[in-house]
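# Analysis of the macromolecular model
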Amino acid sequence: MTPPSHGPEDAPADEPRLLDGATDDLLAWHRDVVARRDDDFEAAKPLVRRLGAHVTDDGHARVGFWTPDVVEAGVPAEDVYLEVLTPPADLDPGVTDAREVAFDRALVPLEREGEYHWGVVAGMRAGTRETVGSLYRLTYETDDGWETVPDPLAYSVPFGAFAPAEFYDRGSLAETRADREYFEALGTDAEGVETTPDDGLPRVDPATSMLEIHPGTATGRGSLAGLADRYAAIGEKRRAGEDLEPWERNFVGYDAIQLMPVEPLTESRTGHDFWSETDRGDGELTARVSRPNQINWGYDIVVSAFSAPNPAILETGRPDELVDLIAACHTLPEPIKVVFDVALGHADNRGAELLSDRYVLGPGMYGKHLDYTEPTVRAAVLELQRRKMDFGADGIRVDGAQDFTSYDPETGEMYHDDDFLAEMDAVVQEVAGTEYRPWMIFEDGRPWPREDWELASSYRTLIEQHPHSFQWSPVTFAHNTPALLTFWATKWWRVREVADFGGHWITGVANHDTVRRGTQLDPDPDFTRSPVNPYLGETLPESLDAAYDNAAATMLFHAFLPGVPMDFLNANMRAPWGFVRDTDDDWNVKVVAEEVNVLNWQVRERDFADDRFFRRVKGLGFDSLEQLRSFMTGLAAAVDVTDYDLDAMAAMLSPLEHPLGDLSPADLVAYGDAWMADVAEFANLAHWQEAQDDARTAFRQATRDFRRAREWLRADLRDDEYFAYRHPTEGTVLYYGYRRAPPEADVDEELLFAGNMEGVEVDVSPADLAADARGDANAPPIPSAGWEPALVPPGVDADGAGEPVALDNAEAIVWRRTPGR
């Protein structure tokens, strides 16, 4: 073993070593920060900004770790080192096949200050777009061997969160990004993204409409680079005036996209091995490494290395892919904002293996509950948010804001830590030299999961605290199921709330949660007893597709109601979607069993017969869809009967007729892994491009363009506007309403909407709707003449101005009128 080294600043730079003078300056800065602040949280804020590994102006590495567990364990300061592992310069981090790599290994002593270890280190290679940098972690030797401490604030983890982090030149991302002018224009009069002043800084204004995207299934490549190339190609077509393909239209017409989480994930102990050390010699460490190949929605994070992109969706293994995607969106002819989905309200159980004990309050609903009252943890979580958002995001969606709770020792109860959410709201981003605050979105359904949450939640708590912020609306929250008959009738009161005070809500019924909830419904496939809306389609897959993508719902949210309508890309494509995750050793089989009805709602006989799909379960012997449905039904029943006892489940299922024979718990786990991989492949949108309907996708884009041209629709309905439904329904839930552009809008126009949300065909006309409104003493006067069709979906005949129009189930129309006609 090469002995740990100190060295002067002018010593040779080929070996990693501590720079004593620069480190002394760093320690003096730390002491000054603490001395100037009486509050531990306020002191922690600047300290955590320097944690991790940063490139200094002279090319060295400034390194810092918060190590309370090491200090409390009594490990002598002189026994703690920075372990530096430098790979060959030609190592390709994008390869998913495992291979052995020899790393040059050096131990560099660090200096302790309180609960922190600091150092300025020469001789570490900084990673770039072209080259993998030195890997690093904290280490110390015990009687049982070497213990390691990962960097929870790393910028790059090419081999996953459980491997050493990469020393990465974050500054190079800002210097080379293609959208610098976009950020330089923030808060100025230059043409670009609009902002509003917020405490001396520009805050990004909300979008007009938004598209939610799961990067892992959005393209055949399943990577951020693949998605960046997709938007870059669309931009080239738009600049050249070329028509888009029907499938490409599903990506456009929005001025924002929301990416499902892009953070490093937890790992299966049995199925994942992306970093495995095989030998450690004098000055060298050999490890078997690969780029993580994982399936996940993105929410199963370990919190550690949250600041880095998820390497499983980086085909090059380089963080630059995230910047490239954002830049591709920002440099489109009509720029698209990028919103990050931030899930810092929990950590997967394995996160406790990587984080200091101080991070964890105890068990929670989704794994580990973080302790937001611990001052350094509080500051570090905010720093993780800042570092991730500094990749260039315009907005932040805080996942499960109701889950940010803390413990009050005086009452012995948990409380909503809204002060912490306020800190999240106040975080300042800096990209390309410009400071700004992002568009803030909270998903907050409190008092969920209380039994009466669906009735009791206002979905406005955080909007009232932060009037510039947005929340997910009640029609967007997880448990909505528009495939069921009477959905639009029974949800009227919530839809009405969108009209009255939904201007700061994210609206729409299709997102990653709601579509999954739709596939979990337990219907009767023959429609003889089920509550499925029979007008949506002749089969369950047709019904589900139409439930989350139809003209009436799209026009209601995009062409009439307030707020910011959000669609889900898989729903736009009428492609499959389900819960996919291969990271859970404990609950995977149970989760798979809960997906039994995916086979009813999303898999057609022709889909199962397609050689591209369900290759793994077919390899296990399932040769028909009915056979697979039978086994999945038995699996779901076994979970319930045995209270998820894998041994008992295997014994119960073995005698049944299926191709797996005598089952063991390991066989059930293998089946679960095969199922998850097959569903993820089935949901990949590359398989569904050719199935897109030209007229449908063209009209959906036209509807979104209609919204983008009328930002005034985002505001709540005024007293001189109107929204109602026709009652008695007489077999049809007909929503209708009237809106008029405010004086400050660019155009003076009136809009009249009518939508058959569900039910039998109905005739509507402007005169009839005006007459209906006159029966309501609270309705404003609605003109009955002068209306022209402005937005008419395929299949609706609306040739004559003001003439009656027949609307079938899920069809709608918007008329337009110029006042004074």
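Residues numbered from 1 in each chain as written. Predicted model: local features only at pLDDT ≥ 70, side-chain atom pairs only at ≥ 80, totals over all residues. Heavy atoms only, no water.

Attention shifts here to the sheet that holds strand S30 (residues 722–725). Hydrogen bonding along the main chain pairs the strands of a sheet, whether they run parallel or antiparallel. The antiparallel open sheet is built from 5 strands, whose spatial order is S30-S31-S32-S36-S34. Since the sheet does not close on itself, it has two edges, and those belong to S30 and strand S34 (788–791), each with one partner. Looking at each pair of strands side by side, their axes are set apart by 20° on average, direction ignored. Both strand S32 (residues 750–759) and strand S36 (residues 811–817) contribute to a ladder of 7 bridges, which runs antiparallel. Residue pairing across strands places Leu752 opposite Trp815, the latter belonging to S36. Relative to the sheet, helix H18 (residues 551–559) contacts S30, strand S31 (732–740), S32, S34 and S36, its axis offset from that of S32 by approximately 150°. (Pairing = 2+ DSSP bridges. Helix = DSSP H or I, 4+ residues; strand = E, 2+ residues; numbered from the N terminus. Axes fitted to C-alpha atoms, helices over the stretch in contact; angles between N-to-C directions. Contact = heavy atoms within 4.5 Å.)

Each α-helix turn comprises 3.6 residues. Residues three or four places apart therefore point the same way. Counting buried residues in helix H17 (residues 540–548) gives 8 out of 9 residues, a clear majority hidden from the surface. Where H17 is concerned, the buried positions are Leu540, Pro541, Ser543, Leu544, Asp545, Ala546, Ala547 and Tyr548. Check the buried side of H17 and you find it contacts helix H16 (512–520), helix H19 (569–572) and helix H21 (598–601). (Buried < 20%, exposed > 50% of the residue type's maximum accessible area, 1.4 Å probe, protein only.)

Here the focus is the environment of Thr142. In this structure, Thr142 sits in strand S9 (residues 135–142). Considering only alpha carbons, one finds Thr142 and Val75, 67 residues apart in sequence, at a separation of 8.8 Å.

Turning our attention to the packing of helix H24 (residues 625–642) against helix H26 (residues 665–682). For the pair H24 and H26, the least separation of the axes is 13 Å and the interaxial angle reads 125°. Judged on the interaxial angle alone, H26 and H24 are oblique. Our pair here, H24 against H26, has a crossing hand that is left-handed. Mapping the contact onto sequence places Leu628, Phe631, Met632 and Leu635 in H24 and Leu668, Tyr671 and Trp675 in H26. The residue makeup of the contact of H24 with H26, split by class, is 7 nonpolar, no polar and no charged. (Parallel < 35°, antiparallel > 145°, perpendicular 65-115°, else oblique. Left-handed = near helix turned anticlockwise from the far one by under 90°. Nonpolar A, V, L, I, M, F, W, Y, C, P; charged D, E, K, R; others polar.)

The next thing to look at is the sheet that holds strand S27 (residues 470–472). With respect to topology, 8 strands assemble into a closed barrel ordered S14-S15-S18-S21-S26-S27-S28-S29, the strand pairing being parallel. Sheet twist, expressed as the average angle between the axes of neighbouring strands with direction ignored, equals 30°. The pairing of strand S26 (residues 439–442) with S27 spans 2 bridges and is classified as parallel. The partner of Ile441 across the bridge, within S27, is Phe470. In the packing of helix H11 (residues 418–426) onto the sheet, the strands contacted are strand S18 (337–342), strand S21 (395–398) and S26, and the crossing angle to S26 comes to about 150°.

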